[in-house]
Amino acid sequence: MTATDPVVNLQALIRCPSVTPAEGGALSALDAMLSPLGFKIDRVKASEAGTPDIENLYARLGGDGPHLMFAGHTDVVPVGDEAAWTHPPFAAEISKGELFGRGAVDMKGGIACFVAAVARHIEKNGPPKGSISFLITGDEEGPAINGTIKLLQWAAERGERWDACLVGEPTNPDHLGDMIKIGRRGSMSGKITVHGVQGHAAYPHLADNPVRGMLQLTHALMDPPFDGGTNDFQPSNLEVTTIDVGNPATNVIPAKASASFNIRFNDSWTVETLRAEILRRLDTAAKDGALRPGREPVKYDIVWADRPSHVFLTRNNGLIASLSSAIESVTGRSPALSTTGGTSDARFIKDYCPVVEFGLVGQTMHMVDERVAVSDLEMLTAIYETFIARWFANAGS
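Please read these numbers as outputs of a predicted model, since none were measured by experiment.

Student: So, the overall build of the chain: which residues are in play, and what are the values?
Tutor: Along its length, the chain carries nine helices and 19 strands. Of the contacts formed within the chain by residues at least 6 apart in sequence, a portion of 80% connects residues at least 24 apart. Summed over its atoms, the accessible surface of the chain is roughly 16700 Å², and 52% of this surface lies on carbon and sulfur atoms. Each charge class in the chain was averaged separately, 35 positive and 47 negative side chains, and the resulting centres sit 3 Å apart.

Student: Tell me about the sheet that holds strand 4 (residues 94-95), and name the residues and values.
Tutor: Each strand in a sheet pairs with its neighbour through backbone hydrogen bonds, running either in the same direction (parallel) or in the opposite one (antiparallel). Across the sheet, which stays open at both edges, the three strands sit in the order 4-5-19 with antiparallel pairing between neighbours. Each edge of the sheet is formed by a strand with only one pairing partner; in this case those strands are strand 4 and strand 19 (371-373). The pairing of strand 5 (residues 98-100) with strand 19 spans three bridges and is antiparallel. The partner of Glu98 across the bridge, within strand 19, is Ala373. In the packing of helix 1 (residues 6-14) onto the sheet, contacts are made with strand 4, strand 5 and strand 19, and the angle to strand 5 comes to roughly 20°. Across the sheet, helix 9 (residues 374-395) touches strand 4, strand 5 and strand 19, and the angle it forms with strand 19 is around 70°.

Student: So what about a nonpolar patch on the surface? Which residues, and what values?
Tutor: Side chains of Val211, Leu215, Val245 and Leu291 sit close together on the surface and give an oily, nonpolar patch of about 270 Å² of accessible area. As for its position among the elements, Val211 is in helix 5 (residues 210-222).

Student: Explain the pattern of salt bridges to me, and be specific about the residues and the numbers.
Tutor: Scanning all chains against the criterion turns up 17 salt bridges. The shortest N-O distance in the salt bridge between Arg315 and Asp232 comes to 3.9 Å. Here the residue Arg315 occupies a position in the loop between strand 16 (312-313) and helix 7 (317-331), and Asp232 occupies one in the loop between helix 5 and strand 12 (237-244), the gap between them amounting to 83 residues. Here Arg315 falls in the exposed class, since its relative accessible area comes to 61%. The partner of Glu277 in a salt bridge is Arg281, and the shortest N-O contact between them spans 2.8 Å. In this pair, Glu277 and Arg281 both sit in helix 6 (residues 271-286), four residues apart, roughly one turn of the helix.

Student: Can you tell me about the sheet that holds strand 12, naming the residues and giving the values?
Tutor: Strand order in this open sheet of four strands is 12-14-10-15, and the pairing throughout is antiparallel. Two strands close off the open sheet at either side, each with one partner strand: strand 12 and strand 15 (299-304). Between one strand axis and the next, the sheet turns by 20° as a mean value, whatever way the strands run. The sheet contact formed by strand 10 (residues 186-195) and strand 14 (residues 256-265) spans 10 bridges and is antiparallel. Each bridged residue has a counterpart across the sheet, and for Gly186 the counterpart in strand 14 is Phe265. Contacts from helix 6 reach strand 10, strand 12, strand 14 and strand 15 within the one sheet, and its direction differs from that of strand 15 by about 165°.

Student: Pulling in residues and values, what's your account of the packing of helix 1 against helix 9?
Tutor: Remark: helix 1 packs on helix 9, axes separated minimally by 9 Å, with the N-to-C direction vectors making an angle of 110°. By the angle class used here, helix 1 and helix 9 are roughly perpendicular. Two secondary-structure elements touch here, helix 1 through Pro6, Val7 and Leu10 and helix 9 through Val374, Leu377, Glu378 and Thr381. Taken together, the residues that form the contact of helix 1 with helix 9 break down as five nonpolar, one polar and one charged.

Student: Mind laying out unusual backbone geometry, listing which residues take part and the relevant values?
Tutor: Outside of glycine, negative phi angles account for most residues, and trans bonds account for most peptide bonds. A cis geometry characterises the amide bond from Asp106 onward to Met107, with omega recorded as -20°. With respect to the element layout, Met107 can be found in the loop between strand 5 and helix 3 (108-125). With omega at 5°, the peptide bond leading from Asp223 into Pro224 counts as cis. Within the secondary structure layout, Pro224 lies in the loop between helix 5 and strand 12. Here the phi dihedral of Asp369 falls at roughly 65°; this positive angle occurs in a residue that is not glycine. Here Asp369 is to be found in the loop between strand 18 (355-357) and strand 19. In this structure Asp369 comes out as buried when scored by relative accessible area, which is 12%.

Student: Describe the nonpolar core, and please don't skip the residues or the numbers.
Tutor: If you look at the biggest cluster of nonpolar residues, it comprises 58 residues, and the most contacted ones within it are Phe114, Phe134 and Phe358. The element that contributes the greatest number of residues to this core is helix 3, accounting for nine residues.

Student: Quick one: what's the story with the environment of Ile253, residue by residue and with numbers?
Tutor: Position of Ile253 relative to the elements: it lies in strand 13 (residues 252-253). For the pair Ile253 and Val197, spaced 56 residues apart in sequence, the C-alpha separation works out to 7.7 Å. With residues up to four places along the chain from it excluded, the contact list for Ile253 reads Val197, Gln198, Gly199, His200, Ala201, Pro204, Ala207, Asp208, Asn209 and Pro210.

Student: Any details on helix 1? Residues and values, ideally.
Tutor: Along an α-helix, residues three or four positions apart point the same way, because every turn accommodates 3.6 residues. Most of helix 1 is tucked away: seven of the nine residues are buried. What helix 1 keeps buried is the set Pro6, Val7, Asn9, Leu10, Gln11, Leu13 and Ile14. Check the buried side of helix 1 and you find it contacts helix 2 (26-34), strand 4, strand 5, helix 3, strand 19 and helix 9. With a side-chain oxygen lying 2.9 Å from the backbone nitrogen of Val7, the N-terminal cap of helix 1 falls on Asp5.

Student: Before we move on, could you go through the state of the cysteines and cite the residues and values that matter?
Tutor: For the coordinates displayed, the defined rule picks out zero disulfides. Of the cysteine sulfurs around Cys113, a residue in no disulfide, the closest is that of Cys165, at 16 Å. Residue classification places Cys113 among the buried residues on the basis of a relative accessible area of 0%. The cysteine Cys353 is free of any disulfide, with Cys165 supplying the nearest cysteine sulfur at 5.2 Å.

Reading the values: the criteria
Residues numbered from 1 in each chain as written. Predicted model: local features only at pLDDT ≥ 70, side-chain atom pairs only at ≥ 80, totals over all residues. Heavy atoms only, no water. Helix = DSSP H or I, 4+ residues; strand = E, 2+ residues; numbered from the N terminus. Contact = heavy atoms within 4.5 Å. Areas by Shrake-Rupley, 256 points an atom, 1.4 Å probe, with all protein chains shown as cover. Lys, Arg positive; Asp, Glu negative; His and termini not counted. Charge placed at Lys NZ, Arg CZ, Asp CG, Glu CD. Pairing = 2+ DSSP bridges. Axes fitted to C-alpha atoms, helices over the stretch in contact; angles between N-to-C directions. Patch = residues over 30% accessible without salt bridge, like charges linked within 9 Å, V, L, I, M, F, W, Y side chains within 5 Å. Salt bridge = Lys/Arg side-chain N within 4 Å of Asp/Glu carboxyl O. Buried < 20%, exposed > 50% of the residue type's maximum accessible area, 1.4 Å probe, protein only. Parallel < 35°, antiparallel > 145°, perpendicular 65-115°, else oblique. Nonpolar A, V, L, I, M, F, W, Y, C, P; charged D, E, K, R; others polar. Core = buried A, V, L, I, M, F, W, Y, C linked by side-chain atoms within 4.5 Å. Polar contact = N/O pair within 3.5 Å; in protein donor to acceptor, adjacent residues only side chain to side chain. Disulfide = S-S within 2.5 Å.

Written as structure tokens, this is what we have:
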């Protein structure tokens, strides 16, 4: 049986320089691992105007029974300053019990371990009592347009249906077994432009400084808090991420000012209700004369970013219990069920089946010298193997 060693699997994947949007050979390496196990492999290229073409992979073993999907991505972020790395970022060298390389944690390591877990399960038990599939994208670290969304659509149009999904993102903050992600906050962005009147800084009555209006609007977006959190989610939080007037002169009042913002929101809100609340705050602040006494209301417009991410929470007890018990049996830790952090491709998968996330410790993801303990690769493989057995046992009961 091939592919049973997660270290060998991960070294093969890391040695493929698959920086988004390049495939870099990573999907071919994965194909070489899965085909001998009996998986049917499809390579799917997706395109959209204005974005790079992306190669994706869908692999399935089995034709009926409960269907478990493993989802992930082989694309990685750029290495940064390659000279700053202790070991070359695509060499997959092992030093002092750690395997170095871009993607070691995020998230080629999770893929390597799940492949090894499936291979071991087949070696010991034969094919699973149902179906296992891999849904692997090359676009998670990029625009996320030609990856998981389109691969899910492609598979669903061909009759693929899934009962549960595990995403192998690095979910653990400190130790393997710390945390399962059972949901994610929503994410929405926008850009506000305040229109003023350009003029001389010494004659403000002849101008209308848009910075004053922008300060009123951005303050209203950040205070008061949107909510105090819920039973399953931390409080919603809005951050103003840029403010710009494009003005190099210190004695000129600019004609306009712009600000971008992002809000991570909990299940107190939908995209629609949150947009309404933001507009209410802006309209109220626009009429505030504190910084603009005697002036007309602030003139502004707002543009919402495309493709907001919706909040979701997975409540599938069988899936969560199978994974939690597998983690506890291997590590001795009882994992926290969390919705913290940013977004992931689970936000797309949730529309097709229940989904949870569990992978490696994420402390070095996206960093120079990204690395993973070899012992963690073996432990994660054992967790995944135990989970596979327990999920199919529960799904078939």
